[in-house]
Amino acid sequence: QVQLVESGGGLVQAGGSLRLSCAASGRTFSSYVMGWFRQAPGKEREFVAAISWSGGSTYYADSVKGRFTISRDNAKNTVYLQMNSLKPEDTAVYYCAARVLGMVVTPHYDYWGQGTQVTVSS
């Protein structure tokens, strides 16, 4: 069982930056693929980024590629999402998620956090 708690969301102007953190409980964090998803009002939850258990492989949605960076610190049981050059269309609730088997871009993850709001003003 893994419990995930996101933090770092907030209100930022377009062009600004935020860093989201997701702290995980449990001693097996390093064995999970970690992902970030987001959900805007009235829209489906969409994939943002994922990182392999070792951090050696990452994958991004086209909409955030070159602007967002996912990373992890297995010693701290934490995954991060550095978001630069933010746009109003990045406004959403951001969720981190953990998955036992393989990196996927669909919301088929085993554990989810409660989400953190990111609002980008124009």
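Placed above this text is the structure.
Just so it is clear, the structure is predicted and the values come from calculations on it, not from any experiment.

Novice: Residue-level account of the nonpolar core, with values.
Specialist: Counting residues in hydrophobic clusters, the biggest one holds 37 residues, and the most contacted among them are Leu-4, Met-34, Trp-36, Leu-81, Met-83 and Tyr-94. For this core, the elements supplying multiple residues, two or more each, are strand E3 (18-24), strand E4 (33-39), strand E5 (46-51), strand E7 (68-73), strand E8 (78-83), strand E9 (92-99) and strand E11 (116-121).

Novice: Can you lay out the side chain of Arg-67 for me, pointing to particular residues and giving the numbers?
Specialist: Mapped onto the secondary structure, Arg-67 falls in the loop between strand E6 (58-60) and E7. By relative accessible area, which is 11% here, Arg-67 ends up buried. Side-chain polar atoms of Arg-67 contact the backbone oxygen of Ser-85, separated by 2.9 Å. In this structure, Arg-67 is in contact with Gln-82, Met-83, Asn-84, Ser-85, Leu-86, Lys-87 and Asp-90, ignoring residues within four places of it in sequence.

Novice: Please provide a residue-by-residue account of the state of the cysteines, values included.
Specialist: One pass over the structure, following the stated rule, counts one disulfide. The partner cysteine of Cys-22 in its disulfide is Cys-96, sulfur to sulfur 1.9 Å. Between Cys-22 and Cys-96, the disulfide has an S-S torsion of 40° and is therefore right-handed. Of this pair, Cys-22 sits in strand E3 while Cys-96 sits in strand E9, and the two are 74 residues apart along the sequence.

Novice: Summarise the packing of aromatic side chains; cite the residues concerned and give the values.
Specialist: For any pair of aromatic rings, the description consists of the separation of the ring centres together with the inter-plane angle of the planes. In the structure shown here, the tally under the stated rule is seven aromatic pairs. With centroids separated by 6.0 Å and ring planes inclined at 35°, the aromatic side chains of Phe-47 and Tyr-59 adopt a geometry described as tilted. Taken together, the residues span a long stretch of sequence, with Phe-47 in strand E5 and Tyr-59 in strand E6 at a distance of 12 residues. Phe-47 gets classed as buried once you look at its relative accessible area, which sits at 11%. Where Tyr-95 meets Trp-112, the ring centres are 6.5 Å apart and the plane angle is 80°; that geometry is what we call edge-to-face. Of this pair, Tyr-95 sits in strand E9 while Trp-112 sits in strand E10 (residues 111-112); the two residues are 17 residues apart in sequence, bridging distant segments of the chain.

Novice: Provide a residue-level description of the pattern of salt bridges, including the pertinent values.
Specialist: Between side chains of opposite charge, a pair can form as their charged atoms come close. One pass over the full model with this rule turns up four salt bridges. Beyond isolated ion pairs, a larger network of salt bridges with shared partners links Arg-38, Glu-46, Arg-67 and Asp-90.

Novice: Any details on the sheet that holds strand E1 (residues 4-7)? Residues and values, ideally.
Specialist: Within the open sheet, the four strands sit side by side as E1-E3-E8-E7. Their pairing is antiparallel. Where the open sheet ends on each side, the last strands, each with one partner, are E1 and E7. Direction aside, neighbouring strands of the sheet carry axes that sit 15° apart on average. Looking at chain direction, E3 and E8 are connected through six bridges and run antiparallel. For Ala-23, the partnering residue across the bridge sits in E8 and is Thr-78.

Cut-offs and rules
- Residues numbered from 1 in each chain as written.
- Predicted model: local features only at pLDDT ≥ 70, side-chain atom pairs only at ≥ 80, totals over all residues.
- Heavy atoms only, no water.
- Core = buried A, V, L, I, M, F, W, Y, C linked by side-chain atoms within 4.5 Å.
- Buried < 20%, exposed > 50% of the residue type's maximum accessible area, 1.4 Å probe, protein only.
- Helix = DSSP H or I, 4+ residues; strand = E, 2+ residues; numbered from the N terminus.
- Polar contact = N/O pair within 3.5 Å; in protein donor to acceptor, adjacent residues only side chain to side chain.
- Contact = heavy atoms within 4.5 Å.
- Disulfide = S-S within 2.5 Å.
- Phe/Tyr/Trp six-rings, centres within 6.5 Å; stacked < 30°, edge-to-face > 60°.
- Salt bridge = Lys/Arg side-chain N within 4 Å of Asp/Glu carboxyl O.
- Pairing = 2+ DSSP bridges.
- Axes fitted to C-alpha atoms, helices over the stretch in contact; angles between N-to-C directions.

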